[in-house]
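Close look at the chain arrangement
Now for the letters of each chain:
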Amino acid sequence: MHSPVIEQNRFLTQDFLLKTDFAKLLYHDYAAKLPIIDYHCHLSPHDIATNRKFNSLTEIWLNGDHYKWRAMRTLGISEHFITGKASDEEKFQKWAEAVPYTLRNPLYHWTHLELRRYFGIEELLTPKTATKVYGEATALLQGPEFHTQGLLKRMHVETVCSTDDPTDSLEYHILAKKNKVPTKLLPTFRPDKSYAVENPGSYVTYLNLLSDTSGVEICRYSDLLQALENRISFFHDMGGRLSDHGLEQLYFFELGTFDVETLFRKLQEGKTLQSKEVDYFKFHTLVELSKMYHAKGWTQQYHLGALRNTNDRMLRTLGPDTGFDSIGDFSQARALGSYLNLLDSSDQLAKTILYNLNPSDNEVLATMVGNFNDGSIKGKIQFGSGWWFLDQKDGMEKQLNALSNMGMLSCFVGMLTDSRSFLSFPRHEYFRRILCNLIAQDVENGELPADEVWLGKIISDISYYNAKEYFRF
């Protein structure tokens with residue numbers, strides 16, 4: 001009995017993920033060459049403005065990447081080679097040992113896409129190729145075209161929106177503008193700490209910092225709102241048009257359930273609030289912030305559903321954002337709908353993007369956005385792209401299908417990286433290929449007409465033009 005002949009070299013060809021000729025046409029002619037608007041990420045403004053040079057492939061690729069860290073831990077690799085004191089080359093060698101075992105995890109695709117798109121390295125990363133890959137890529141990183149600004153240019157990144165605390169000076173955004181950095185660098189207002197009142201001591205410390213940067217002496221809750229409004233105005237003057245919030249879920253109460261000035265006074269006295277008081281404080285502050293965003297014509301983003309810092313031992317050892325978070329199963333629909341309705345009832349609901357981390361909530365969000373689209377702006381309320389654990393092929397397809405079935409895919413503002421790595425921009429390519437293949441499959445099935453011009457326009461809009469129109473940076 002003969003083994004079947006397996007066609008070789010089909011992995012990551014130019015038609016990767018594109019199953020039909022029409023999919024190939026849509027991607028190559030209407031998506032591939034468009035610029036990138038990365039409207040949510042965690043890239044360092046300092047690194048962009050100063051055109052940072054990375055000393056090694058490990059430094060740019062493994063440091064801070066908790067996706068890779070989780071995979072390495074799962075394979076039994078010691079923390080010494082992940083976040084510990086092993087050399088950069090030793091850490092990379094261990095990552096290379098892990099990569100072949102990540103098959104069917106998006107890390108396998110991302111790893112090889114990134115090696116190809118940035119460094120032209122087409123070899124599979126394995127323990128045998130690790131030394132060669134590390135040497136070639138590290139050598140390339142020393143050249144100016146591989147410093148941060150060169151990497152952004154290589155990926156045709158038009159705009160980057162960083163994620164910034166209200167107390168941030170935005171000095172590197174100012175420097176980037178002064179130095180005429182080709183990629184537009186804009187701030188995003190992330191005020192999570194302004195209502196993180198679970199620990200009164202930490203909160204008062206933060207208020208002191210906010211007071212210093214805003215020029216407002218914060219003695220009352222109304223002073224807190226004034227300080228935040230001052231910072232929103234500063235961000236706006238710096239080109240910021242976005243806010244972002246990371247929440248387990250949105251909250252809803254009848255306004256006046258608690259006296260917020262009394263709650264604020266208790267916090268200043270170092271008293272711990274009850275759980276309902278904490279939730280109300282968050283809710284009330286979010287409502288006030290949302291009204292400020294609306295007044296400025298901003299877009300507000302809500303990232304919902306992450307269960308963070310579940311491993312106390314590793315949190316104590318390594319701190320947050322090190323790979324010990326997961327999908328949460330929080331109730332979303334009722335409070336979210338009531339929150340949006342409260343703002344809409346006074347016509348103070350800003351443009352809004354909702355991201356969920358639990359795929360069981362896809363249809364909840366896909367239907368929720370339609371409740372508050374009022375004809376004033378195309379796609380005013382958006383169901384955001386697959387996020388974090390869902391920014392992979394299956395997660396993206398599920399989000400696209402839910403949005404298509406229950407909303408308007410044609411109005412979608414598309415993909416973002418949500419990444420801390422300058423090597424993550426092939427995720428936009430990954431998304432565009434998946435999108436083109438999905439649309440083309442409908443054509444193949446006879447469910448859409450083979451109208452190249454019209455479908456090509458829809459693909460181009462979702463890949464780039466919808467975001468350009470929606471955000472108006």
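For the structure, check the block above.
None of the values given here were measured: they were computed from a predicted structure. (Residues numbered from 1 in each chain as written. Predicted model: local features only at pLDDT ≥ 70, side-chain atom pairs only at ≥ 80, totals over all residues. Heavy atoms only, no water.)

When helices and strands are tallied, the protein shows 19 helices and 10 strands. The C-alpha radius of gyration computed for the protein amounts to 23 Å, which stays within 12% of the reference 23 Å derived for 473 residues, consistent with globular compactness. In terms of its C-alpha atoms, the protein occupies a principal-axis envelope of roughly 80 × 55 × 50 Å. Taken over 473 residues, the protein has a buried fraction of 55%. Taking the intrachain contacts of the protein between residues at least 6 apart in sequence as the baseline, contacts between residues at least 24 apart amount to 77%. In the protein, 51 side chains carry a positive charge and 60 a negative one; their mean positions are 3 Å apart. (Helix = DSSP H or I, 4+ residues; strand = E, 2+ residues; numbered from the N terminus. Rg over C-alpha atoms; globule rule 2.2 N^0.38 Å. Buried < 20%, exposed > 50% of the residue type's maximum accessible area, 1.4 Å probe, protein only. Contact = heavy atoms within 4.5 Å. Lys, Arg positive; Asp, Glu negative; His and termini not counted. Charge placed at Lys NZ, Arg CZ, Asp CG, Glu CD.)

Within strand E9 (residues 351-356), six of the six residues are buried, which leaves the element mostly enclosed by the surrounding structure. Side-chain alternation along E9 places Lys-351, Ile-353 and Tyr-355 on one buried face and Thr-352, Leu-354 and Asn-356 on a second face that is also buried. Two elements, E9 and strand E10 (residues 381-383), share three bridges in a ladder whose sense is parallel. Across the sheet, Thr-352 pairs through a bridge with Ile-381, a residue of E10. A crossover links E9 with its parallel partner E10, the connecting element being helix H16 (residues 362-368), and its sense is right-handed. (Pairing = 2+ DSSP bridges. Right-handed = clockwise from strand over helix to strand, strands pointing away.)

Turning next to the sheet that holds strand E6 (residues 299-304). Spatial strand order, E4-E5-E6-E9-E10: five strands in an open sheet with parallel pairing. Each edge of the open sheet is held by one strand with a lone partner, namely strand E4 (188-189) and E10. The pairing of E6 with E9 spans six bridges and is parallel. What sits directly across from Gln-301, in E9, is Ile-353.

Taken together, the buried positions of helix H1 (residues 21-30) are occupied by Phe-22, Ala-23, Leu-26, Tyr-27 and Tyr-30. The arc that holds the buried residues of H1, viewed along the axis, is 130°, so those residues lie on one side. Facing away from the buried side of H1, by more than 90 degrees, are the exposed residues Asp-21 and Asp-29. Its buried side turned inward, H1 meets helix H18 (426-444) and helix H19 (452-471). (Arc of directions from axis to C-beta.)

For the rest of this paragraph, the subject is empty space enclosed by the protein. Evaluation of the coordinates by the stated rule reveals three cavities of 30 Å³ or more. Its volume calculated, the largest cavity comes out at about 50 Å³. The wall of the largest cavity is formed by Trp-61, Asp-65, Lys-68, Leu-107, Trp-110, Thr-111, Glu-114, Ser-421, Ser-424 and Arg-427. Broken down by element, the lining of the largest cavity gets its largest block of residues, four residues, from helix H6 (residues 106-119). Looking at the lining of the largest cavity residue by residue, the classes come out as three nonpolar, three polar and four charged. (1 Å grid on protein atoms, 1.4 Å probe; cavity = no way out; pocket = protein on both sides within 12 Å on 5 of 7 lines; lining within 4 Å. Points joined across faces, edges and corners; volume = space filled by probe spheres on them. Nonpolar A, V, L, I, M, F, W, Y, C, P; charged D, E, K, R; others polar.)

Sheet architecture is open: three strands sit in the order E1-E2-E3, paired in parallel fashion. Sheet topology places strand E1 (36-38) and strand E3 (184-186) at the edges, where each strand pairs with a single neighbour. Sheet twist, expressed as the mean angle between neighbouring strand axes with direction ignored, is 10°. (Axes fitted to C-alpha atoms, helices over the stretch in contact; angles between N-to-C directions.)

Now for the side chain of Asn-466. Locating Asn-466 in the fold gives a position in helix H19. The exposure class of Asn-466 is buried, given its relative accessible area of 4%.

With that settled, consider the packing of aromatic side chains. Counted under the stated rule, the structure contains 31 aromatic pairs. Here Tyr-118 and Phe-119 contribute two aromatic rings whose centre-to-centre distance is 6.3 Å and whose plane-to-plane angle is 45°, an arrangement assigned as tilted. The class for Phe-119 is buried, based on a relative accessible area of 9%. When the centroid spacing of 5.9 Å and the interplanar angle of 50° are considered together, the rings of Phe-253 and Phe-283 count as tilted. With Phe-253 in the loop between strand E5 (242-247) and helix H12 (260-268) and Phe-283 in helix H13 (residues 275-296), this residue pair connects regions lying 30 residues apart in the sequence. Every member of this aromatic cluster is reached through a ring pair, and the members are Phe-252, Phe-253, Phe-258, Tyr-280, Phe-283, Tyr-302 and Tyr-339. Seen from the ring of Phe-81, Lys-94 lies directly overhead, with NZ or CZ sitting 4.9 Å from the centre. The ring of Tyr-67 has Arg-427 sitting right over it, with the charged end atom 5.2 Å from the ring centre. (Phe/Tyr/Trp six-rings, centres within 6.5 Å; stacked < 30°, edge-to-face > 60°. Lys NZ or Arg CZ within 6 Å of the ring centre and 35° of its normal.)

Side chains that are nonpolar tend, in soluble globular proteins, to be buried together. Judged by nonpolar contacts, the single largest core of 148 residues is most densely connected at Tyr-39, Leu-57, Phe-92, Trp-95, Phe-119, Leu-224 and Phe-281. Leaving out residues up to four positions away in the same chain, Leu-57 has contacts with Leu-62, Phe-92, Leu-115, Phe-119, Val-133, Tyr-134, Ala-137, Thr-138, Leu-141 and Leu-423. (Core = buried A, V, L, I, M, F, W, Y, C linked by side-chain atoms within 4.5 Å.)

Turning our attention to the environment of Lys-393. As for its position among the elements, Lys-393 is in helix H17 (residues 393-406). Sequence separation between Lys-393 and Phe-431 is 38 residues; the distance between their C-alpha atoms is 7.8 Å. The contacts of Lys-393, once residues within four sequence positions are left out, are Leu-17, Tyr-430 and Ile-434.

Below, the discussion takes up the packing of H17 against H18. Across the interface, H17 lies against H18 with an axial gap of 10 Å and an inter-helix angle of 55°. In terms of axis orientation, H17 runs oblique to H18. In this structure, H17 meets H18 at a crossing whose hand is right-handed. Together, Lys-393, Met-396, Glu-397, Leu-400 and Asn-401 of H17 and Tyr-430, Phe-431, Ile-434, Leu-435 and Leu-438 of H18 make up the contact between the two elements. Class assignment for the residues of the contact of H17 with H18 results in seven nonpolar, one polar and two charged. (Parallel < 35°, antiparallel > 145°, perpendicular 65-115°, else oblique. Left-handed = near helix turned anticlockwise from the far one by under 90°.)

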